[in-house]
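What follows is the residue order along each chain.
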2 protein chains.
Amino acid sequence: MVKAASRQSVPVRRADAERNIAAILAAGTRLLSSDPAASVAAIAKAAGVGRVTLYGHFPSREALVEAVLNHVIGAADPALEDPALETAPAPEAMAALLRSSWEILDQHRRLFVAADRTMATERIRRHHDRPLRRVERLIERGRRGGDFRTDLPLPWLVTTFFSLVHSAAQEREEGRLAPEDVERVLITSMLSLLTDGVSAFS
Amino acid sequence: MVKAASRQSVPVRRADAERNIAAILAAGTRLLSSDPAASVAAIAKAAGVGRVTLYGHFPSREALVEAVLNHVIGAADPALEDPALETAPAPEAMAALLRSSWEILDQHRRLFVAADRTMATERIRRHHDRPLRRVERLIERGRRGGDFRTDLPLPWLVTTFFSLVHSAAQEREEGRLAPEDVERVLITSMLSLLTDGVSAFS
């Protein structure tokens with residue numbers, strides 16, 4: 001009997017752990033997206049778990065911030081799927097992708113600030129591999145179709161997308177860029193980077 | 001006599017402290033510019049001071065990295081002074097400023113990586129206030145003279161300079177950008193951002 005009970009308790013404990021992790025990530029998303037300095041204690045409290053339980057899953061605040069960032073990027077990814085990305089003229093598709101990317105980032109701007117304080121930029125970028133592959137495919141298509149420049153390396157153009165969108169988040173956070181200007185500024189900047197030189201020859 | 005000795009010892013101790021700080025900053029610059037993970041112990045050893053002395057001046061590794069960053073930016077600033085920045089055609093002056101800025105950053109690329117790991121981007125940027133004012137003045141002059149666009153906010157254009165140059169450092173460090181390509185990529189990108197839309201009307 002004892003054996004049977006102990007066999008059963010493993011999946012039960014696993015289900016508990018999964019529920020706790022889900023609650024911690026949800027609370028972390030909510031709290032860090034409104035205050036980048038939100039403490040581990042506040043996140044544990046909002047998740048309804050003890051600090052010991054939280055630290056059992058995420059051994060440091062850095063680890064927790066990174067897990068929340070990864071969770072948010074994963075959850076947001078389907079919202080970036082758009083069949084028009086494959087079919088619309090590349091500059092239009094780029095404008096649409098910048099709009100949807102900014103909408104998500106702006107919502108979680110403070111979580112990005114929290115991540116930027118504790119993580120290297122390269123590490124933050126690695127969590128964006130999947131959305132950045134979408135950017136890369138679109139830029140490639142625009143180059144093949146003659147809409148986008150080919151005189152700069154493809155990886156550099158992908159980097160400028162990441163870099164400009166995240167700079168816009170910093171600028172918003174610091175009050176150097178008005179909310180109503182962000183989309184236009186991002187689209188104009190990115191299309192200048194992608195098409196200058198192309199228009200000169202067309 | 002004790003009184004006189006103690007009066008004398010204050011400047012002596014101050015001179016000692018200043019010598020130690022200078023040695024720590026010099027060693028920190030050397031070590032962090034070749035290994036962004038250089039330890040406090042290694043920097044203290046290279047500076048010829050004890051760890052206790054080092055921690056007396058810089059209470060944490062973060063504080064030391066920040067002080068070294070500030071020291072390097074201050075020391076490099078005169079190299080960015082160039083009378084041609086005020087007189088050469090704005091696009092040429094911008095290309096020259098990108099070249100000299102990159103030369104300095106490339107030399108200390110790993111120190112920047114060390115800072116990026118421990119400091120928020122906004123904090124790193126604040127240490128660049130002085131060099132960025134030079135960028136701002138040049139962009140302003142280019143806008144007044146009709147060489148640079150006026151349809152994007154001036155602070156945003158200054159931010160893109162900071163952001164592209166530091167992205168190039170990351171790309172170099174990660175091996176995604178070839179050393180011989182950096183200058184051309186930076187100049188082409190920044191001038192596209194600054195002049196696209198201007199050329200269309202000229």
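Residues numbered from 1 in each chain as written. Chains lettered and ligands numbered in written order. Predicted model: local features only at pLDDT ≥ 70, side-chain atom pairs only at ≥ 80, totals over all residues. Heavy atoms only, no water.

### A short note on the overall build of chain A
Here is step 1: When you go through chain A residue by residue, the secondary structure sums to 12 helices and zero strands.
Here is step 2: Secondary structure elements in chain A, listed N-terminal to C-terminal, are α-α-α-α-α-α-α-α-α-α-α-α.
Here is step 3: Each principal axis of the C-alpha atoms in chain A carries an extent, and together these give about 80 × 40 × 25 Å.
Here is step 4: Of all 202 residues assigned to chain A, the portion counted as buried reaches 50%. (Helix = DSSP H or I, 4+ residues; strand = E, 2+ residues; numbered from the N terminus. Buried < 20%, exposed > 50% of the residue type's maximum accessible area, 1.4 Å probe, protein only.)

### What to know about the UniProt feature "domain: HTH tetR-type" (unreviewed entry) in chain A
Here is step 1: According to UniProt, the positions carrying the feature "domain: HTH tetR-type" (unreviewed entry) are residues 18-76 of chain A.
Here is step 2: As annotated, residues 18-76 of chain A has a helix share of 78% and a strand share of 0%, and its two end C-alpha atoms lie 20 Å apart. (UniProt positions renumbered as here; feature names shortened; annotations may be inferred.)

### Considering the relation of the copies chain A and chain B
To go from the first copy of the chain to the second, apply a rotation about an axis and then a shift along the same axis.
Here is step 1: Turning chain A through 180 degrees and shifting it by 0.0 Å along the axis lays it on chain B, with an RMSD of 0.0 Å. Both chain copies can therefore be described as sitting about a two-fold axis.
Here is step 2: A high fraction, 100%, of the interface residues of chain A reappear at the interface in chain B, so the copies pair face to face through one surface. (Least-squares fit on C-alpha atoms with pLDDT ≥ 70 in both. Contact = heavy atoms within 4.5 Å.)

### Remarks on the domain arrangement of chain A
Residue and element names in this part refer to chain A.
Here is step 1: For chain A, the domain assignment lists domain 1 (1-59) and domain 2 (68-201).
Here is step 2: Taken together, the contact pairs nine residues of domain 1 with 10 residues of domain 2.
Here is step 3: The junction of domain 1 with domain 2 conceals about 790 Å² of combined surface from both sides, 67% of it contributed by carbon and sulfur atoms.
Here is step 4: At the junction of domain 1 with domain 2, the criterion picks out zero salt bridges.
Here is step 5: At the boundary of domain 1 with domain 2, the tally comes to two residue pairs in polar contact (both at pLDDT 80 or more).
Here is step 6: A class-by-class count of the residues in the side of domain 1 that touches domain 2 yields four nonpolar, four polar and one charged. (Domains from an automatic or database assignment. Buried area = accessible area lost by both parts, 1.4 Å probe. Salt bridge = Lys/Arg side-chain N within 4 Å of Asp/Glu carboxyl O. Polar contact = N/O pair within 3.5 Å; in protein donor to acceptor, adjacent residues only side chain to side chain. Nonpolar A, V, L, I, M, F, W, Y, C, P; charged D, E, K, R; others polar.)

### Notes on helix α7 (residues 109-118) of chain B
Here is step 1: Taken across its 10 residues, α7 of chain B has seven buried, putting it largely inside the fold.
Here is step 2: Three or more residues of α7 of chain B are buried, namely R109, L111, F112, V113, A114, A115 and D116 of chain B.

### Quick word on the packing of helix α10 (residues 154-173) of chain A against helix α10 (residues 154-173) of chain B
Here is step 1: The interhelical angle for the contact between α10 of chain A and α10 of chain B, taken along N-to-C directions, is 135 degrees, at an axis separation of 9 Å. One finds that α10 of chain A runs oblique with respect to α10 of chain B. At the point where α10 of chain A passes α10 of chain B, the crossing takes the right-handed sense. Note on element contacts: α10 of chain B touches α10 of chain A through P155, W156, T159, T160, S163, L164, S167, A168 and E171 of chain B, opposite P155, W156, T159, T160, S163, L164, S167, A168 and E171 of chain A.
Here is step 2: Among the residues forming the contact of α10 of chain A with α10 of chain B, the class breakdown is eight nonpolar, eight polar and two charged. (Axes fitted to C-alpha atoms, helices over the stretch in contact; angles between N-to-C directions. Parallel < 35°, antiparallel > 145°, perpendicular 65-115°, else oblique. Left-handed = near helix turned anticlockwise from the far one by under 90°.)

### Side note on the packing of α7 of chain B against α10 of chain B
All names here are of chain B.
Here is step 1: Where α7 contacts α10, the axes come no closer than 10 Å and their chain directions differ by 100 degrees. Taken as axis vectors, α7 and α10 run roughly perpendicular relative to one another. In this structure, α7 uses R109, R110, F112, V113 and D116 to contact α10, whose residues at the interface are H166, A169, Q170, R172 and E173.
Here is step 2: Here the contact of α7 with α10 is built from residues that sort into three nonpolar, two polar and five charged.

### Focus: the nonpolar core
Here is step 1: Counting residues in hydrophobic clusters, the biggest one holds 127 residues, and the most contacted among them are M94 of chain A together with M94 of chain B.
Here is step 2: Those residues in contact with M94 of chain B, other than ones at most four positions away along the chain, are L138, I139, F148, F161, M190, L191 and L194 of chain B. (Core = buried A, V, L, I, M, F, W, Y, C linked by side-chain atoms within 4.5 Å.)

### Remarks on the pattern of salt bridges
Here is step 1: Enumeration over the complete set of coordinates arrives at 30 salt bridges over all chains.
Here is step 2: Linking R126 of chain B and E174 of chain A is a salt bridge whose minimum nitrogen-to-oxygen distance equals 3.7 Å. With R126 of chain B in helix α8 (residues 121-126) and E174 of chain A in the loop between α10 and α11 (182-195), the pair connects residues from two separate chains.
Here is step 3: Residue classification places E174 of chain A among the partly exposed positions, given a relative accessible area of 33%.
Here is step 4: Between R126 of chain B and E122 of chain B there is a salt bridge, with its nearest N and O atoms 4.0 Å apart. Here R126 of chain B and its partner E122 of chain B are both found in helix α8, four residues apart, which amounts to about one turn of the helix.

### Points about the interface of chain A and chain B
Here is step 1: The partner chain B presents 35 residues to the 35 residues of chain A that form the contact.
Here is step 2: Between chain A and chain B, the buried area comes to about 2900 Å², and carbon and sulfur atoms account for 52% of it.
Here is step 3: Contact with chain B buries area across many residues of chain A, yet E122, W156 and R176 of chain A alone supply 20% of it, more than any other trio.
Here is step 4: There are six salt bridges connecting chain A and chain B.

### Here's the deal with the environment of V40 of chain A
All names here are of chain A.
Here is step 1: With respect to the secondary-structure elements, V40 resides in helix α2 (residues 40-47).
Here is step 2: The class for V40 is buried, based on a relative accessible area of 6%.
Here is step 3: Separated by 137 residues in sequence, V40 and L177 have C-alpha atoms that sit 30 Å apart.
Here is step 4: V40 has contacts with L54, Y55, R61 and L64, leaving out every residue within four places of it along the chain.

### Quick word on the side chain of H127 of chain B
Residues and elements named next belong to chain B.
Here is step 1: As for its placement among the helices and strands, H127 is situated in the loop between α8 and α9 (129-144).
Here is step 2: At 2.7 Å, the side chain of H127 forms a polar contact with the side chain of E66.
Here is step 3: Dropping the residues within four chain positions of it, H127 is found in contact with E66, L69, N70, I73 and M119.

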